[in-house]
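# Understanding the architecture of this molecule
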Amino acid sequence: MKRYSTPTRFAENRPLSASFFKTAGTHIAGGVNGNLRYFTPFPITFKKAKDAWLVDLDGNPYVDYLLSYGALMLGHGHPVIKEAVQNVWDQLGTSAFGAAHPMEWEMALELHKLYPSMEKMRFTNSGLEATLFALRLGLAFTGKTHVGKFEGHYHGSHDHVLVSVNPDLDQAGNPTAPEAVPETLRLPDYYLKHTVVLPFNDLPACEKILTKMKDQIGIVILEPFQSGYIAADQEFITGLRDITKQLDILLVFDEVKTGCRITLGGAQQFYHVQPDLTALGKVVGGGFPIGVVGGRGDILEFSSPQHAGKHEDIVFHSGTFNGNPISMAAGLATIRYLSQSNRFEDMVHRTQMLRKGIETLAQDYGVPFKTIGEGTIFNVVATNRKMTNYRDVASLQKETRMALDYLLMDHGVYSKPLNRFSLSDAHGKREIEITLDGFERSFSKLKSNIPL
Ligand SMILES: Cc1ncc(COP(=O)(O)O)c(C=O)c1O
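These numbers were taken from a predicted model, which means no experiment stands behind them.

## Quick look at the site of the ligand
Every residue lining the ligand is accounted for by S126, G127, L128, Y154, H155, G156, E223, D254, V256, K257 and K282. L128 places a main-chain nitrogen or oxygen 2.9 Å from an oxygen atom of the ligand. The contact in question runs from a nitrogen atom of the ligand to an N or O atom on the side chain of D254, over 2.6 Å. The protein chains hide 82% of the 380 Å² of surface that the ligand would expose on its own. Across the shell around the ligand, the residue classes break down as three nonpolar, four polar and four charged.

Quick look at the structure:
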């Protein structure tokens, strides 16, 4: 297949995005509010969105598979969410109490129904805050000093977990005992020394590392589906649960991506495995900022201010907008909508239709793509091999997928280059047909090596 280098049509079709990116860079560092939002030659700037659709500054429409990194499970501007948020204004009169209100309790009940492992919980404003608090709780509860995390797994942008998210293979060391590689400039040495990197889907290697460091490692965090689409093998995740229990190490499922997307009850329902703690985010905020830490009551109670004693005896957690009524209302509306009969199953069915369509087209055009994933998330990968961990992802030939991504954007399909695909309730038959048409045109160009 041709080596594509400069996506010239991409730039030609988006002059306003190009010039906005330059303007934005004058006061916004790098022109983006998040490094993951950047891609070359410039990220697309959007001016509006509706249902499953995005429109960029230049007026180009796209079927949206990024969906704000999977958060918008009902699509853009769903009526039930608009109504729920409007009701907060009309009935409660405010967007924030900075104090307790009944909707927090309603949300806790709904989440407990879907995630029985979350006996108690706390709300935060992002997934990053949720994983940070989960780890703080776990270390305080166990009295140990080290965190175990898996190579290639992302848990948000805080120091303990900005380790070996996307390491260069020449620094990553032995696949069965990976090195801790910093993900950010001058990460304090403390975090590199206190974060132990584990190999995903390799139970014997994990058992060896965890057993050796059982007195130091207090808590292990993982994405049960790496990057939302690479499944843990059932034996791996069951085995990890057993080993961590035996070694008195807490286990956290970071379900910020997978929550309400693999099944409504997340990956833990899919695998029938109960973690000690769970981090949620994205979908459960219905398009507004949220994070949730939930789990064993005895662990969560470590943050209870009702415990007598000095403040250093309590795990600190606070946040101005924690549990704010807008996020609660939008999240509740989303969960209740998705819990109506067959809604979630229909979305999964549409996801499967789309994946099948892509794979059939890939075969017809002789291009090397397949889809992997579960529930309402998948990715399109240029390989026939089984994908089991970070090393498999890192050794993929990314150029072919990048070439596909630029073609897809020119044919009205957006997931951001190299990103996974998430579906929403607004992705109906029409959107799927348009998407498959975009894939067909893109595959046809890739096949005939037409330059971008
Ligand atoms: C698995 C996982 N954990 C944590 C986070 C961080 O969430 P947020 O971006 O809300 O801080 C993300 C974000 O993509 C995520 O995918």
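## Structural notes on the packing of aromatic side chains
Aromatic rings in a pair are described by how distant their centres are and how their planes are angled relative to each other. Applying the stated rule across the entire model yields 21 aromatic pairs. Ring centres of F10 and F42 lie 5.2 Å apart, and the angle between their planes is 45 degrees; on these two criteria the pair is classed as tilted. You can see F10 sitting in helix 1 (residues 8–12) and its partner F42 sitting in the loop between helix 2 (15–24) and strand 1 (46–50), a full 32 residues away along the chain. Of the two residues examined, F10 and F42, each falls in the buried class. Ring centres of F10 and Y406 lie 5.3 Å apart, and the angle between their planes is 90 degrees; this geometry places the pair in the edge-to-face category. You can see F10 sitting in helix 1 and its partner Y406 sitting in helix 15 (residues 398–410), a full 396 residues away along the chain. Taken individually, F10 and Y406 each receive the classification buried, so the pair is uniform in this respect. Here the aromatic residues Y65, F369, F378, F421, F439 and F443 are joined through ring pairs into a cluster of three or more.

## Section: helix 15
The end-to-end C-alpha distance of helix 15, which contains 13 residues, comes to 19 Å, matching closely the 18 Å that a straight helix rising 1.5 Å per residue would cover. Counting buried positions along helix 15 gives ten out of 13 residues, so the element sits mostly inside the fold. All of the buried residues in helix 15 are T400, R401, A403, L404, D405, Y406, L407, L408, M409 and D410. The inward-facing, buried residues of helix 15 abut helix 1, strand 3 (61–64), strand 16 (377–381), strand 17 (413–414), strand 18 (421–422) and helix 16 (429–447). The N-terminus of helix 15 is capped by Q397, whose side-chain oxygen sits 3.2 Å from the backbone nitrogen of E399. Two residues or fewer after helix 15 comes G412, characterised by a positive phi angle close to 75 degrees.

## Here we look at the sheet that holds strand 8 (residues 195–198)
Read across the sheet, seven strands follow the order 4-14-13-12-9-5-8 without closing on themselves; strand pairing throughout is mixed. Of all the strands in the sheet, just strand 4 (120–124) and strand 8 have a single pairing partner and so form its edges. When strand polarity is set aside, the average angle formed by the axes of neighbouring strands in this sheet is 20 degrees. Sheet strands touched by helix 8 (residues 203–212): strand 5 (146–150), strand 8 and strand 9 (217–222). Its angle to strand 8, the strand with the most contacts, is close to 160 degrees.

## Concerning the sheet that holds strand 18
Through backbone hydrogen bonds, the strands of a sheet pair up, either in parallel or in antiparallel fashion. Strand order in this open sheet of three strands is 15-16-18, and the pairing throughout is antiparallel. Edge strands, defined here as strands with exactly one partner in the open sheet, are strand 15 (370–374) and strand 18. As paired elements, strand 16 and strand 18 share two bridges and run antiparallel to each other. In the strand pairing of strand 18, F378 is matched with F421.

## Observations regarding the confidence of the model for the protein
Averaged over all residues, the pLDDT of the protein equals 96, while 97% of them reach at least 70. Counted against residues more than four places away or in other chains, residues 1–6, with its pLDDT under 50, gives 17 contacts.

## Here we look at the packing of helix 4 (residues 79–92) against helix 12 (residues 325–339)
Geometrically, a packed helix pair is captured by the angle between its two axes and the distance between the axes. Between helix 4 and helix 12, whose axes approach to 9 Å, the crossing angle comes to 140 degrees. Put simply, helix 4 runs oblique to helix 12. When you trace helix 4 past helix 12, the crossing you get is right-handed. From helix 4, V80, I81, A84, V85, V88, W89 and L92 reach across to helix 12, where they touch P325, I326, A329, A330, A333, T334 and Y337. Taken together, the residues of the contact of helix 4 with helix 12 break down into 13 nonpolar, one polar and no charged.

Reading the values: rules and limits
- Residues numbered from 1 in each chain as written.
- Predicted model: local features only at pLDDT ≥ 70, side-chain atom pairs only at ≥ 80, totals over all residues.
- Heavy atoms only, no water.
- Near = heavy atom within 4 Å.
- Polar contact = N/O pair within 3.5 Å; in protein donor to acceptor, adjacent residues only side chain to side chain.
- Areas by Shrake-Rupley, 256 points an atom, 1.4 Å probe, with all protein chains shown as cover.
- Nonpolar A, V, L, I, M, F, W, Y, C, P; charged D, E, K, R; others polar.
- Phe/Tyr/Trp six-rings, centres within 6.5 Å; stacked < 30°, edge-to-face > 60°.
- Helix = DSSP H or I, 4+ residues; strand = E, 2+ residues; numbered from the N terminus.
- Buried < 20%, exposed > 50% of the residue type's maximum accessible area, 1.4 Å probe, protein only.
- Expected span 1.5 Å × (residues − 1).
- Contact = heavy atoms within 4.5 Å.
- Pairing = 2+ DSSP bridges.
- Axes fitted to C-alpha atoms, helices over the stretch in contact; angles between N-to-C directions.
- pLDDT = per-residue confidence, 0-100.
- Parallel < 35°, antiparallel > 145°, perpendicular 65-115°, else oblique.
- Left-handed = near helix turned anticlockwise from the far one by under 90°.

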